[in-house]
Amino acid sequence: MTKFLKRLLKDVLLDSEISNVFSSFDIIGDIAIIKIPDSLLHKKKIIGETLLLHIPNLKSIFLQNTAVDGEYRLRGLELIAGENKYVTTYKEYGCKFFVNVASSYFSPRLSTERLRISNLVSANETIVNMFAGVGTFSIIIAKKTPVLIYNIDSNLDAYILSKINSKLNKVEDSIISINGDAQDILSSQMFIQKADRILMPLPEKAFEFIDTSVDCLKPGGGYLHFFSHIKSDIKSKVIGDSENYVHSLFSNYDYQIKHTQIVRDVGPRIYQTVTDIFLKK
Ligand SMILES: C[S@@+](CC[C@H](N)C(=O)[O-])C[C@H]1O[C@@H](n2cnc3c(N)ncnc32)[C@H](O)[C@@H]1O
């Protein structure tokens, strides 16, 4: 996408400016979200108009003007070209999702990870998705395999969209969406020792939910998909650093690390990783 973006902007930016264009941008349905360095902000309109003109089916181009932030993991958006609308439909692995890019978290960059985890699930598992967003992981899993998934998010908008998306993809009988804080909800007796598998896709804070998630695993144990942010100058050290981090957090438990991988880069020398852990009880 980087080269493609740079080629598109060749006619409207100087060569020296093109090298400053941020490395990538997200396309979510008919909406594109781009980061533009401060030095080029005076050209944001022409950048937006160029993308709108050349990329088929795009209706809105937003500048991302803040980092993803806050409990709901939202980013600041400013319209730079096209229609002022936040809602779009995004397709992934045969599923359709209504997304509101302003009011709930969504990233197309997790799509490979969503597929990977969905391929690990066996029939009839009970799964908890602690930080479900608009329901993406849960719906992709439920579409492939008969399971029961508790789909939790504290953001009301994400919860509403996840309910709509479950229906849209005809998996509403497999997914129970719940709006609220995962810590509060999962402390309820009804979740204790119920889960075969728990997804923890909140890298900034997943470590705060370890004891709660362990309580929810079945007596025979189960899988945790634990997301982290790892800072490292050397990419080849990230997996080892990530596993050391997991060892430091889970030292009170009997567990095995089954797999760790980098999900994506999230900043200069910062990586999002996921570790699949089998925890015995
Ligand atoms: C990184 S996003 C999840 C992304 C999602 N799994 C996906 O594939 O699009 C994290 C989500 O966790 C939610 N969240 C943050 N703190 C929470 C909490 N304490 N309990 C439940 N949900 C929470 C946010 O609202 C946000 O939607």
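Residues numbered from 1 in each chain as written. Predicted model: local features only at pLDDT ≥ 70, side-chain atom pairs only at ≥ 80, totals over all residues. Heavy atoms only, no water.

**Remarks on the domain arrangement of the protein chain**
So, step 1. Domain annotation of the protein chain identifies domain 1 (2-85) and domain 2 (105-280).
So, step 2. Just the C-alpha atoms count here: the centres of domain 1 and domain 2 sit 30 Å apart.
So, step 3. In this complex, domain 1 contributes 11 residues to the contact, which on the side of domain 2 involves 8 residues.
So, step 4. Taking both partners together, domain 1 and domain 2 bury about 850 Å²; carbon and sulfur atoms supply 48% of that area.
So, step 5. Broken down residue by residue, the surface that domain 1 buries against domain 2 is led by Asp 26, Tyr 72 and Arg 73, which jointly contribute 54%.
So, step 6. On the surface where domain 1 and domain 2 come into contact, there are 2 salt bridges. (Domains from an automatic or database assignment. Contact = heavy atoms within 4.5 Å. Buried area = accessible area lost by both parts, 1.4 Å probe. Salt bridge = Lys/Arg side-chain N within 4 Å of Asp/Glu carboxyl O.)

**Points about the side chain of Asp 276**
So, step 1. With respect to the helices, strands and loops of the structure, Asp 276 is situated in strand E13 (residues 270-280).
So, step 2. Here Arg 116 takes part through its side chain, which lies 2.8 Å from a polar atom of the side chain of Asp 276.
So, step 3. Those residues within four positions of Asp 276 in sequence are excluded, and the remaining contacts are Arg 116, Leu 120, Leu 224, His 225, Gln 256, Ile 257, Lys 258 and His 259. (Helix = DSSP H or I, 4+ residues; strand = E, 2+ residues; numbered from the N terminus. Polar contact = N/O pair within 3.5 Å; in protein donor to acceptor, adjacent residues only side chain to side chain.)

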